[in-house]
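Examination of the molecular architecture
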Amino acid sequence: MALQLRPNCEYCDRDLPPDATDARICSYECTFCADCVETKLSNVCPNCGGGFAPRPIRPTQEWRPGVCTSKQAPSDKRVHLKYSVEDVAAHCARVRDVPPEKR
C-alpha cells in the first residue's frame, strides 16, 4: 500500500506535487506545507494531534517493476481542514508543548 501523496496543503491549499520537498505528513497522512507546519501549526497536526515528518518523494522512474508515480499514481483529491482557523489555533496551542513522542 503506497502513500496517497495528497496534492495540497490542508491549511493554505498550496499545491504539493509528488516531488515537493516542503510537504509534511503525520502518521495518518494529513498533509501540510512546511511553512504552515512551522508558522501556523507548531508541529501539531490539527486533525490528530501528532507531529509531522517530511513526506517521502515517490520515484518518477520505474527502478523496480511497478514502483513509480506512473504505476502508483498520487492522489488528485484535494483535502481541506474541517476545523475553523480559530479551533486549529486553540488545539495547536493546547498540544504544542508536549513532544510528539508523548502525545
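Let us look at the structure shown here. (Residues numbered from 1 in each chain as written. Predicted model: local features only at pLDDT ≥ 70, side-chain atom pairs only at ≥ 80, totals over all residues. Heavy atoms only, no water.)

Some points on the overall build of the protein chain
For clarity, the threshold we go by: A run of H or I in DSSP becomes a helix once it reaches four residues, and a run of E becomes a strand once it reaches two; helices and strands are each numbered from the N terminus. Categorising residues by exposure relies on relative accessible area from a 1.4 Å probe, with only protein chains included: less than 20% of the type maximum marks a residue as buried, more than 50% marks it as exposed, and the intermediate range marks it as partly exposed. By the counting scheme adopted, Arg and Lys are positive, Glu and Asp are negative, and His together with the chain ends is not counted. Positions of charges follow a simple convention, taking NZ of Lys, CZ of Arg, CG of Asp or CD of Glu.
The secondary structure content of the protein chain amounts to two helices and three strands. Counting from the amino terminus, the protein chain carries its helices and strands in the arrangement β-β-α-β-α. Taking the principal axes of the C-alpha coordinates as reference, the protein chain spans close to 45 × 25 × 20 Å. The buried share among the 103 residues of the protein chain stands at 35%. In the protein chain, which carries 15 positive and 14 negative side-chain charges, the distance between the mean positions of the two groups comes to 4 Å.

Regarding the nonpolar core
Convention followed: The set of buried Ala, Val, Leu, Ile, Met, Phe, Trp, Tyr and Cys residues whose side-chain atoms join them within 4.5 Å is what this entry labels a nonpolar core.
Core analysis: the biggest nonpolar cluster contains 18 residues, and Cys9, Leu16, Phe32, Leu41, Cys45 and Phe52 have the highest contact counts within it. For this core, the secondary-structure elements that each account for two or more residues are β2 (31–33), α1 (34–39) and α2 (85–95). Ranked by the residues each element gives to this core, the list is headed by α2, at three residues.

Some points on the side chain of arginine 6
This is how it is decided: Pairs of N or O atoms within 3.5 Å make up the polar contacts considered here, provided that, within protein, one atom can donate a hydrogen while the other can accept it, and that residues adjacent in sequence are counted only when both atoms are side-chain atoms.
For arginine 6, the location among the structural elements is in the segment before β1 (23–25). One polar contact links arginine 6 to glutamate 10, side chain to side chain, over a distance of 3.2 Å. Here glutamate 29 takes part through its backbone oxygen, which lies 3.1 Å from a polar atom of the side chain of arginine 6.

A word on unusual backbone geometry
You will see that aspartate 13, though not glycine, has its phi angle at about 70°, which is positive. Tracing the chain through its elements places aspartate 13 in the segment before β1. Accessibility expressed as a relative area gives 31% for aspartate 13, which makes it partly exposed.

Considering α2
Convention followed: It is the directions from the helix axis to the C-beta atoms whose arc is reported.
Turning to α2, its buried residues number three or more, namely Val88, His91, Cys92 and Val95. Within α2, the buried residues cover an arc of 95° as seen down the axis, which keeps them to one side. Facing away from the buried surface of α2 by more than 90 degrees, the exposed residues are Glu86 and Arg94.

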